[in-house]
Amino acid sequence: MPIKIPATLPAHDVLRREGVMVMSEETALRQDIRPLQIGLLNLMPKKVQTETQFARMIGATPLQIELTLIRMSEHQSRNTSAAHLETFYEPFATARERKFDGLIITGAPIEHLEFEAVDYWPELREVFDWTRTNVHRTMGICWGGMALLHHFHGVPKHLLPAKAFGCFRHAAVEPASPFLQGFSDSLMVPVSRWTEVRSEDVRLHPELRILLDSPDVGPCLIEDTPNRALYMFNHLEYDSTTLKEEYDRDLMSGGPIAMPVNYFPDNDPARAPENRWRSHGQLLYGNWINEIYQTTPFDTADIGS
């Protein structure tokens with residue numbers, strides 16, 4: 001089943017060329033079912049790339065989904081045109097009046113800052129509290145997941161001595177979780193971050209459950225049952241070339257960067273990387289959407305009650 005996004009959104013043509021089903025407004029209105037309302041709070045600088053990646057993941061599910069793109073109300077993006085934001089995004093000040101079946105909060109390249117030093121942190125805390133009453137299930141990605149975990153549980157993030165960068169093997173430590181249906185016992189996951197959440201901090205909170213873990217880069221996916229939330233610190237949504245683009249960018253800038261591990265064939269940057277995580281990405285987001293579908297109220301007014 002398709003995802004409903006505006007026909008003029010850049011992701012629309014990209015996904016259609018890939019074979020992902022996308023639906024027009026007119027077609028959606030003819031269907032006598034309620035589409036799931038999913039919001040994407042996009043904190044990444046390259047918003048077009050990020051919105052395409054997440055639309056691809058949730059567009060692979062067998063349900064009709066209406067995707068709403070959300071931005072912080074006052075923060076000004078320097079990497080995405082004002083026209084794109086004005087056309088396709090709702091500021092949180094407007095979106096907060098609505099209710100959503102699901103909300104994805106992306107990461108942001110501000111890991112070196114303390115949470116409280118982020119200029120939009122006060123509004124983001126409002127978003128986090130708002131999810132308890134207006135969102136049925138929330139998923140935080142990378143920095144977004146760490147920020148949610150810190151806000152709700154006081155779990156800290158720790159600065160790494162070097163960037164965790166590449167593809168790392170993870171274990172499905174809770175294979176019976178509905179969010180891990182169909183997962184292999186272990187899987188490769190793209191990682192790109194300067195900070196980490198530590199298992200010993202998480203285990204101080206019995207309401208939290210680690211679902212995916214790695215001996216090399218620590219917890220990857222955590223379930224927060226009281227807040228109906230998942231925290232994913234890595235990037236199953238990444239394109240095949242995303243880590244290469246980050247590597248090339250950092251090389252050009254002259255900053256300290258190591259080659260992403262377990263990524264280029266034979267560690268040769270001239271060779272095209274193989275995507276070894278796409279199927280698990282679609283499984284994770286498909287399972288998340290299915291859990292939303294199975295448990296969300298039919299009347300969106302009842303969400304959060």
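Throughout what follows, the structure given in this document is the object of discussion. The structure presented is a predicted model; accordingly, all values stated were derived computationally and were not measured. (Residues numbered from 1 in each chain as written. Predicted model: local features only at pLDDT ≥ 70, side-chain atom pairs only at ≥ 80, totals over all residues. Heavy atoms only, no water.)

Moving on, we get to the overall build of the chain. When its secondary structure is counted, the chain shows 10 helices and 12 strands. Taken against the 2.2 N^0.38 rule, which gives 19 Å for 305 residues, the C-alpha radius of gyration of the chain at 19 Å falls within 12% of a compact globule. Its C-alpha atoms put the chain at 50 × 45 × 40 Å along the principal axes. Pairs at least 24 apart in sequence give 73% of the contacts found in the chain among residues at least 6 apart. Of the roughly 13700 Å² of accessible surface on the chain, 51% is carried by carbon and sulfur atoms. Taken together, the 29 basic and 41 acidic charged side chains of the chain have centroids lying 2 Å from each other. (Helix = DSSP H or I, 4+ residues; strand = E, 2+ residues; numbered from the N terminus. Rg over C-alpha atoms; globule rule 2.2 N^0.38 Å. Contact = heavy atoms within 4.5 Å. Areas by Shrake-Rupley, 256 points an atom, 1.4 Å probe, with all protein chains shown as cover. Lys, Arg positive; Asp, Glu negative; His and termini not counted. Charge placed at Lys NZ, Arg CZ, Asp CG, Glu CD.)

Before going further, it helps to spend a moment on the layout of surface pockets. Considering only enclosed or pocket space, the largest pocket measures out at about 820 Å³ in volume. In terms of lining residues, the largest pocket is bounded by 34 residues, among which M44, P109, K163, E246 and R249 are the most central. Counting only elements with at least two residues in the lining of the largest pocket, the list comes to α3 (47–58), β9 (186–196) and α9 (242–253). By residue number, the principal contributor to the lining of the largest pocket is α9, which donates six residues. In this model, the second largest pocket occupies a volume close to 410 Å³. If you go around the second largest pocket, you meet 21 residues; those closest to its centre are L43, H75, R78, I110 and Y120. (1 Å grid on protein atoms, 1.4 Å probe; cavity = no way out; pocket = protein on both sides within 12 Å on 5 of 7 lines; lining within 4 Å. Points joined across faces, edges and corners; volume = space filled by probe spheres on them.)

Pairing between side chains of opposite charge can happen when their charged atoms approach one another. Enumeration over the complete set of coordinates arrives at 13 salt bridges. The partner of D250 in a salt bridge is R249, and the shortest N-O contact between them spans 3.1 Å. On the basis of relative accessibility, which here comes to 47%, the residue R249 falls in the partly exposed class. One continuous salt-bridge network, built from bridges that share partners, spans K163, E246, R249 and D250. (Salt bridge = Lys/Arg side-chain N within 4 Å of Asp/Glu carboxyl O. Buried < 20%, exposed > 50% of the residue type's maximum accessible area, 1.4 Å probe, protein only.)

Taken together, the buried positions of helix α1 (residues 10–18) are A11, H12 and L15. On an axial view of α1, the arc spanned by its buried residues comes to 105°, and they lie on one face. (Arc of directions from axis to C-beta.)

Attention shifts here to the packing of helix α6 (residues 121–134) against helix α7 (residues 143–153). Between two packed helices, both the angle of their axes relative to each other and the distance between the axes serve to describe the pair. Where α6 contacts α7, the two axes come as close as 11 Å, and the packing angle between them is 75°. On the basis of the axis angle, α6 is roughly perpendicular to α7. Of the residues in α7, those in contact with W121, L124, R125, F128, D129, T131 and R132 of α6 are W143, A147, L148, H150, H151 and F152. Counted by class, the contact of α6 with α7 contains seven nonpolar, three polar and three charged residues. (Axes fitted to C-alpha atoms, helices over the stretch in contact; angles between N-to-C directions. Parallel < 35°, antiparallel > 145°, perpendicular 65-115°, else oblique. Nonpolar A, V, L, I, M, F, W, Y, C, P; charged D, E, K, R; others polar.)

As a further point, take the packing of aromatic side chains. The tally for this structure, following the rule as stated, stands at 10 aromatic pairs. Between F115 and W121, the ring centres sit 5.3 Å apart and the planes meet at 25°, which makes this aromatic pair stacked. Geometrically, the ring pair formed by F115 and W143 is tilted, given 5.8 Å between the ring centres and 45° between the ring planes. One end of the pair, F115, is in the loop between β6 (100–105) and α6; the other, W143, is in helix α7, and 28 residues separate them in sequence. Residue class for F115 comes out buried when judged on its relative accessible area of 3%. Residue W143 is classed as buried on the basis of its relative accessible area, which comes to 0%. Members of the aromatic cluster, joined through ring pairs, are F115, W121, F128, W143 and F152. Looking at R34, its charged tip hangs above the ring of F298, at a distance of 6.0 Å from the centre. The ring of F165 carries the charged tip of K163 above its face, separated from the ring centre by 4.5 Å. (Phe/Tyr/Trp six-rings, centres within 6.5 Å; stacked < 30°, edge-to-face > 60°. Lys NZ or Arg CZ within 6 Å of the ring centre and 35° of its normal.)

Right, let's talk about the environment of F298 for a bit. Relative to the assigned elements, F298 resides in the segment after α10 (278–295). Among the residues examined, F298 registers a relative accessible area of 68% and is labelled exposed. Separated by 262 residues in the primary sequence, F298 and L36 have C-alpha atoms spaced 9.5 Å apart.

In this section: the nonpolar core. Looking at soluble globular proteins, one finds that nonpolar side chains tend to be buried together. Of all hydrophobic cores here, the largest spans 51 residues; its most connected members are I38, I104, L212, Y285 and W288. Ranked by residues supplied to this core, first place goes to α10 with five residues. Counting 35 residues, the second largest nonpolar core, distinct from the first, contains Y120, A147, F152 and A229. (Core = buried A, V, L, I, M, F, W, Y, C linked by side-chain atoms within 4.5 Å.)

Glancing now at the pairing of strand β3 (residues 36–41). Counting buried residues along β3, six of its six residues qualify, which places the element largely inside the surrounding structure. Summarising the sheet, β3 and strand β4 (residues 65–71) pair through six bridges and their orientation is parallel. Among the inter-strand pairings, L40 is bridged to a residue of β4, identified as L69. For the crossover from β3 across α3 to β4, the handedness is right-handed. Relative to β6, β3 runs parallel, the two sharing four bridges. Its bridge partner lying in β6, G39 is registered against L103. (Pairing = 2+ DSSP bridges. Right-handed = clockwise from strand over helix to strand, strands pointing away.)

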